[in-house]
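Next come the chains, spelled out residue by residue.
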Amino acid sequence: MTGKVTELQEKLLQLQEELSKRQEEEAAAKDVEEPNFEDLQAQLAEKTRLLNEAKLNMQESKEKAIVLEDQLKKYSRGVFVTPLGTPYKDENHRHTDINMFGEPTEFEYLRKVMFEYMMGRETKTMAKVITTVLRFPADQAQIILEKEDARPV
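Parameters and conventions
- For every chain, the first residue of the written sequence is number 1, and numbering continues from 1 onward in sequence order.
- Where totals are concerned, whole chains, interfaces and linings use all residues; where local detail is concerned, this predicted model gives features only for residues with pLDDT of at least 70, and gives and counts side-chain atom pairs only at 80 or more.
- Derived side-chain values reflect all non-hydrogen atoms in the structure, with water molecules and hydrogen atoms excluded from consideration.
- Definition of nonpolar core: a set of buried residues of the types Ala, Val, Leu, Ile, Met, Phe, Trp, Tyr and Cys, connected through side-chain atoms within 4.5 Å.
- Categorising residues by exposure relies on relative accessible area from a 1.4 Å probe, with only protein chains included: less than 20% of the type maximum marks a residue as buried, more than 50% marks it as exposed, and the intermediate range marks it as partly exposed.
- Helix and strand definitions here come from DSSP, where helices need a minimum of 4 consecutive H or I residues and strands a minimum of 2 consecutive E residues; each element is numbered from the N-terminal end.
- A contact between two residues is defined here by any heavy atoms of the two lying within 4.5 Å.
- Put simply, a patch holds well-exposed residues, over 30% relative accessible area, that have no salt bridge, with like charges counted together within 9 Å and Val, Leu, Ile, Met, Phe, Trp or Tyr side chains within 5 Å.
- Using a 1.4 Å probe, accessible areas were evaluated by the Shrake-Rupley method; residue-level cover was limited to the displayed protein chains.
- Any Lys or Arg side-chain nitrogen located within 4 Å of an Asp or Glu carboxyl oxygen qualifies as a salt bridge.

(A) Highlighting the nonpolar core. The biggest cluster of nonpolar side chains holds 5 residues, and these are Leu110, Val113, Met126, Ile130 and Val133. Among the secondary structure elements, those contributing two or more residues to this core are α3 (104-118) and α4 (123-133). For this core, the element with the most residues is α4, which contributes 3 residues.

So, in structure tokens, the structure goes:
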């Protein structure tokens, strides 16, 4: 009888050990599978912060692209191609775009004035009109008018 009691006590100890091992394993699995609420909130806050930083960086990049496009447009307006094909940048020329005339009537007017000038009619007056319509800088307009005065009639 004593042997049976000892044997049962040993089995009881083994079963208690197995039970405690299983409880520990379940607790460990529970910790791995189910993170606590605070951890989830911290992860959410970190992801939100990273998302906001990415949006801010994207907005800054868009603004930089717009500034660079504007600079490129501004640069290309002041560059001319010489007859040899090399670019020439003239800072005095503000109007190199085809749209320099406010309205199509200005272009038509200039065409008529150029025709009269080329036909030799009132060349001095036509030269003044041309320099005004094409918005020549003052120094260039003065040189043109001096040359026009020096021409034989």
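Next comes the rest of the account.
(B) Broad picture of the side chain of Thr131. As for its position among the elements, Thr131 is in helix α4. Every residue in contact with Thr131, bar those within four places of it in the chain, is listed here: Phe136, Ala141 and Ile144.

(C) A nonpolar patch on the surface, seen in detail. A cluster of nonpolar side chains, namely Met114, Phe115, Met118 and Met119, defines an oily patch on the protein surface of about 420 Å² accessible area. Summarising the element assignment, Met118 is placed in helix α3. According to the relative accessible area criterion, Met118 is exposed, its value standing at 62%.

(D) The pattern of salt bridges, seen in detail. Inspection of every chain in the model, using the stated rule, returns 7 salt bridges. Where Arg49 meets Glu53, a salt bridge forms, and the shortest distance between an N and an O atom there is 2.5 Å. Placement of the pair is Arg49 and Glu53 together in helix α2 (residues 37-77), with a separation of 4 residues, close to one helical turn. Judged by relative accessible area, Glu53 falls into the partly exposed class, the value being 37%. Among the ionic pairs, Glu106 bridges to Arg135, the shortest N-O distance being 3.9 Å. Here Glu106 is found in helix α3, whereas its partner Arg135 is found in the loop between α4 and α5 (138-150), with 29 residues between them in sequence. By relative accessible area, Glu106 is classed as partly exposed at 28%.

Fair warning: the whole summary comes from geometry, so function is off the table for now.
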